[in-house]
Amino acid sequence: QVQLVESGGGLVQAGGSLRLSCAASTRTFTSYSMGWFRQAPGKEREFVGGMDRWSSFATSYADSAKGRFTVWRDIAENTMYLQMNSLKPEDTAVYSCAASSAHGSPDSARLYDYWGQGTQVTVSS
């Protein structure tokens, strides 16, 4: 069983930055594909970025995140991070991390077995 806990959300002005953390209960980041997703009110959950175990933990990003967001892991700390720069009001959402042992497209929420509770990110204009 994998437990994931996100932290680092908050309120920031447009153009600002936030760093989210995803702490795992086990040595997840060497055995699982990992993803960051977000869900805004009234919208479907969407992929933000992730690391694919089956591609040597290559990172991938949604078009909306490319050039602004960065995903990386600290294996020793058993933590994954999401650095978000140049934030926009449309980035406002609950951000969740997820882990998957399955083989598949890392941008599909259905791939993931374990989810954190989420952390709120609010970007003011």
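Relevant structure appears above.
Here's a quick rundown of the structure. (Residues numbered from 1 in each chain as written. Predicted model: local features only at pLDDT ≥ 70, side-chain atom pairs only at ≥ 80, totals over all residues. Heavy atoms only, no water.)

## Remarks on the state of the cysteines
How we decide: Criterion for a disulfide: a pair of cysteine sulfur atoms at a distance within 2.5 Å. Only DSSP runs of H or I with at least four residues qualify as helices, and only runs of E with at least two residues qualify as strands; both kinds are numbered from the N terminus onward. Categorising residues by exposure relies on relative accessible area from a 1.4 Å probe, with only protein chains included: less than 20% of the type maximum marks a residue as buried, more than 50% marks it as exposed, and the intermediate range marks it as partly exposed.
One pass over the structure, following the stated rule, counts 1 disulfide. For C22, the disulfide goes to C97, at an S-S distance of 2.1 Å. On the sign convention where negative is left-handed, the bridge of C22 and C97, at about 70° about the S-S bond, is right-handed. Of this pair, C22 sits in strand β3 (residues 18-24) while C97 sits in strand β9 (residues 93-100); the two residues are 75 residues apart in sequence, bridging distant segments of the chain. On the basis of relative accessible area, C22 is assigned to the buried category, the value being 0%. Note on C97: relative accessible area 0%, which makes it buried.

## Concerning the packing of aromatic side chains
Which entries qualify depends on this criterion: Centres within 6.5 Å make a pair out of two Phe, Tyr or Trp rings, where for Trp the six-membered ring is used; the pair is then stacked when the planes are under 30 degrees apart, edge-to-face when over 60, and tilted otherwise. Criterion for a charge above a ring: Arg CZ or Lys NZ at most 6 Å from the ring centre, at most 35 degrees from the ring normal.
Overall, the coordinates contain 6 aromatic pairs when judged by the stated rule. Residues W72 and Y81 carry aromatic rings whose centres are separated by 5.1 Å and whose planes lie at 25° to one another, so their mutual orientation is stacked. Residue classification places W72 among the partly exposed positions, given a relative accessible area of 29%. Judged by its relative accessible area of 17%, Y81 is buried. Among the aromatic residues, ring-to-ring pairing joins F37, F47, Y112 and W115 into one connected group. The cationic tip of R45 hangs over the ring face of W115; the distance from NZ or CZ to the ring centre is 3.9 Å. Cation over ring: R73 sits above F57, and NZ or CZ is 3.8 Å from the ring centre.

## Thoughts on unusual backbone geometry
Glycine aside, negative phi is the norm for most residues, and most peptide bonds take the trans geometry. Even without being a glycine, F57 presents a positive backbone phi close to 60°. Of note, S86 is a non-glycine position whose phi angle comes to about 50°, a positive value. Of note, S86 is situated in the loop between β8 (79-84) and β9. Residue S86 is classed as partly exposed on the basis of its relative accessible area of 42%.

## What to know about the pairing of strand β7 (residues 69-74)
Our working definition: Should DSSP find at least two bridges between two strands, the strands are taken to pair.
Of the pairings in the sheet, the one linking β7 to β8 comprises 6 bridges and is antiparallel in character. Looking at β8, one finds that T70 is bridged to Q83. The hairpin turn running from β7 into β8, its antiparallel successor, is 4 residues long, and N78 in that turn takes a positive phi close to 55°.

## Quick notes on the side chain of T79
For clarity, the cut-off: Definition of a polar contact: a pair of N or O atoms within 3.5 Å, with one able to donate and the other able to accept a hydrogen when the atoms are protein atoms, and with sequence-neighbouring residues admitted only if both atoms are side-chain atoms.
On the secondary structure map, T79 appears in strand β8. At 2.9 Å, the side chain of T79 and the backbone oxygen of E77 are in polar contact.

## Some remarks on the side chain of R68
Threshold: Residues count as neighbours in contact if any of their non-hydrogen atoms are within 4.5 Å of one another.
Mapped onto the secondary structure, R68 falls in the loop between β6 (58-61) and β7. Reaching out from R68, the side chain makes a polar contact with the side chain of D91 at a distance of 2.7 Å. Apart from the residues lying within four places of it in its own chain, the contact partners of R68 are Q83, M84, N85, S86, L87, K88 and D91.

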